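# Working through the structure, step by step
Residues per chain are reported as follows:
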Number of protein chains: 2
Amino acid sequence: MNLPSKLIEDAVTEISRLPGIGKKTALRLALHLLKQHEAHTEALALSLTRMRQEIKYCKTCHTISDDEECSICKSHKRDSSTICVVEDIRDVLAIENTNQYNGKYHVLGGVISPIQGIGPEELTIESLVNRILESAKSEPVKEIILALSATMEGDTTAFYLGKRLKETGVSISTIARGIPVGGELEFTDEVTLGRSIMTRINYSQE
Amino acid sequence: MNLPSKLIEDAVTEISRLPGIGKKTALRLALHLLKQHEAHTEALALSLTRMRQEIKYCKTCHTISDDEECSICKSHKRDSSTICVVEDIRDVLAIENTNQYNGKYHVLGGVISPIQGIGPEELTIESLVNRILESAKSEPVKEIILALSATMEGDTTAFYLGKRLKETGVSISTIARGIPVGGELEFTDEVTLGRSIMTRINYSQE
């Protein structure tokens, strides 16, 4: 693309660095901003800069927060004996939306992925171990729920966490893999169906 | 979506004002920026602000430009007797990419659309009329090529321009509507096919 202006070319280059946005979309967005009032672009630029510069991460669970400690970690209504371990803040939001969980969280900041050069040191695993060990003094953590994606990287991370957390003596569980609600048996892939049979739930014991 | 931070909520709101970007995508983009180095976000915000504040429009053809007059209007290699009228700068880029046109351009800044409240006054039509009348003194414009979208709004604008430019006495043409190159007859809609028969090209006269 041969843009007639260096200014718009710079903007297009910067916008197209965002994931999932190509040069054509970036140009469409830039032209849109040019058509809008100048205040619109200023508000966008300011909100991005402020977010990047001023945002804090909760010192306990590492989720995004405006304060030192996030509202979930601060809350006394949430069960401190259970920690749900997730990859990033979007997973926290997804689980919160279910209204099925009343414990605390721990945001890893990613999953172990040798291809992307992410090892256990890049994640907040040490902090999780310390958090569990520290908790023993007051309100001990009893269960760790691993809510990681059902991918190779997610499984690797779950396996590593399982080994790493052994010393703490907490019980470790993982969210169920199985047929999605509304899913039909015949369209479910073999691996999922196989797992859902292996990890079947015994009604009579419930 | 109940975001745990006001800062990220503001950023998501601003990003999702862009066309084609919803709340979920906006959150993904915001989290992406948080994972990148701070300089990345700063460069993005700066390029947007600079583009919006400093960009100029060519005083002759109204395309985006870094100077008072754009490179195409300045060029002596381009044929001044032909002006191609387009909706916005993206159309200029598209036509330039064909390498089939050596005249000048005129960017309308939109098309007439009563639904969106865009009338002829919002577009650069007066400027086009003046440009044609002015040109008579030195290098007269002989032909106006209307390269507008084949939509209701495009056709309305073409019709209006045809009436408005009558007084100037220039010849007015419109780019051909027909079967796209590589298109098959049986899959072409009736309107396009009908138009392509009506506006058929006589080989023997060429």
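Thresholds, definitions, all that
Residues numbered from 1 in each chain as written. Chains lettered and ligands numbered in written order. Predicted model: local features only at pLDDT ≥ 70, side-chain atom pairs only at ≥ 80, totals over all residues. Heavy atoms only, no water. Least-squares fit on C-alpha atoms with pLDDT ≥ 70 in both. Contact = heavy atoms within 4.5 Å. Axes fitted to C-alpha atoms, helices over the stretch in contact; angles between N-to-C directions. Helix = DSSP H or I, 4+ residues; strand = E, 2+ residues; numbered from the N terminus. Nonpolar A, V, L, I, M, F, W, Y, C, P; charged D, E, K, R; others polar. Core = buried A, V, L, I, M, F, W, Y, C linked by side-chain atoms within 4.5 Å. Buried < 20%, exposed > 50% of the residue type's maximum accessible area, 1.4 Å probe, protein only. Pairing = 2+ DSSP bridges. Right-handed = clockwise from strand over helix to strand, strands pointing away. Buried area = accessible area lost by both parts, 1.4 Å probe. Polar contact = N/O pair within 3.5 Å; in protein donor to acceptor, adjacent residues only side chain to side chain. Domains from an automatic or database assignment. Salt bridge = Lys/Arg side-chain N within 4 Å of Asp/Glu carboxyl O. UniProt positions renumbered as here; feature names shortened; annotations may be inferred.

### What to know about the relation of the copies chain A and chain B
- Under the fitted operation, chain A is carried onto chain B by 0.0 Å of movement along the axis and a turn of 180°, and the coordinates agree to an RMSD of 0.1 Å. Here the copies are linked by what is in effect a two-fold axis. Across chain A, the smallest distance between a C-alpha and the rotation axis is recorded for Ala45(A), namely 2.2 Å.
- Same-surface contact between copies: 100% of interface residues of chain A are shared with the interface of chain B.

### Things to note about the packing of helix α2 (residues 23-35) of chain A against helix α5 (residues 89-98) of chain B
- Two elements in contact, α2(A) and α5(B), have axes separated by 11 Å at closest approach and are oriented at 145°. Residues Leu27(A), Arg28(A) and Leu31(A) of α2(A) pack against Ile89(B), Arg90(B) and Leu93(B) of α5(B).
- Its residues placed into classes, the contact of α2(A) with α5(B) shows four nonpolar, no polar and two charged.

### Points about the nonpolar core
- Residues Ile8(A), Ile15(A), Ile8(B) and Ile15(B) are the most contacted members of the largest nonpolar core, which totals 44 residues.
- For this core, the secondary-structure elements that each account for two or more residues are α1 (6-15), α2, α3 (38-54) and α5 (89-98) of chain A together with α1 (6-15), α2 (23-35), α3 (38-54) and α5 of chain B.
- Other than its neighbours up to four places away in sequence, Ile8(B) contacts Met51(A), Ile55(A), Ile64(A), Leu3(B), Leu27(B), Ala30(B), Leu31(B) and Leu34(B).

### What about the environment of Ala147(A)?
- Turning to its location among the elements, Ala147(A) is positioned in the loop between β5 (143-146) and α7 (152-164).
- Each C-alpha atom of the pair Ala147(A) and Ile95(A) lies 9.1 Å from the other, and the pair is 52 residues apart in sequence.

### A short note on the pairing of strand β3 (residues 79-86) of chain A
All names here are of chain A.
- Burial analysis of β3 places seven of its eight residues in the buried class, which makes it a mostly covered element.
- With five bridges connecting them, β3 and strand β4 (residues 103-107) associate as parallel partners. Looking at the pairing, Ile 83 lines up with Lys 104 of β4.
- Handedness of the β-α-β unit built from β3, α5 and β4 comes out right-handed.

### A look at the pairing of β5(A)
Residue and element names in this part refer to chain A.
- Where β3 meets β5, four bridges bridge the pair, whose relative direction is parallel. If you follow Thr 82 over to β5, its bridge partner there is Glu 143.
- For β5 and strand β6 (residues 171-174), the ladder comprises four bridges, and the chain directions are parallel. Note that in β6 the partner of Ile 144 across the bridge is Ile 172.
- Between the parallel pair β5 and β6, the chain is carried across by α7, and the sense of this crossover is right-handed.

### Overview of the interface of chain A and chain B
- On the side of chain B, 51 residues touch chain A, which itself brings 51 residues to the contact.
- When chain A packs against chain B, close to 5,100 Å² is buried across both sides, 71% of that on carbon and sulfur atoms.
- Per-residue buried area on chain A facing chain B is highest for Leu7(A), Leu34(A) and Arg52(A); these three make up 14% of the total on that side.
- Inspection of the chain A/chain B interface yields ten residue pairs in polar contact (both at pLDDT 80 or more).
- Looking at the side of chain A that touches chain B, the elements that each hand over two or more residues are α1, α2, α3, β2 (64-65) and α5 of chain A.
- Take the side of chain A that touches chain B: its biggest share by element is 15 residues, from α3(A).

### A closer look at the sheet that holds β6(A)
All names here are of chain A.
- Spatial strand order, β4-β3-β5-β6: four strands in an open sheet with parallel pairing. The two strands at the open ends of the sheet, each matched to only one other strand, are β4 and β6. Mean inter-strand twist for the sheet, computed between neighbouring axes without regard to direction, equals 25°.
- The sheet strands contacting α5 are β3 and β4, and the helix crosses β4 at an angle near 160°.

### Looking at the domain arrangement of chain A
- Split into domains, chain A comes out as domain 1 (6-54) and domain 2 (77-175).
- Of note, the centres of domain 1 of chain A and domain 2 of chain A, computed from C-alpha atoms alone, are 35 Å apart.

### Some words on the pattern of salt bridges
- Going through the model one piece at a time under the given rule, you end up with 22 salt bridges over all chains.
- Here Lys74(A) and Asp67(A) are joined by a salt bridge, their closest N and O atoms 3.5 Å apart.
- We classify Lys74(A) as partly exposed; its relative accessible area is 43%.
- A salt bridge links Glu134(B) to Lys137(B); the shortest N-O distance between them is 3.4 Å.
- Residue classification places Glu134(B) among the partly exposed positions, given a relative accessible area of 49%.

### Side note on the UniProt feature "zinc finger region: C4-type" (unreviewed entry) in chain A
- The sites that carry the UniProt feature "zinc finger region: C4-type" (unreviewed entry) are, in the present numbering, residues 58-73 of chain A.
- Taken as a whole, residues 58-73 of chain A contains 19% helix and 12% strand, while its terminal C-alpha atoms sit 8 Å from one another.

### Some words on the sheet that holds strand β4 (residues 103-107) of chain B
Residues and elements named next belong to chain B.
- What the four strands build is an open sheet, ordered β4-β3-β5-β6; its pairing is parallel. The open sheet has two edge strands with one neighbour each: β4 and β6 (171-174). Each adjacent strand pair in this sheet contributes to an overall mean axis angle of 25°, direction not counted.
- With respect to the sheet, α5 is in contact with β3 (79-86) and β4, its orientation differing from that of β4 by roughly 160°.
- Against the sheet, helix α6 (residues 125-135) touches β3, β4 and β5 (143-146), its axis set at about 150° to β4.

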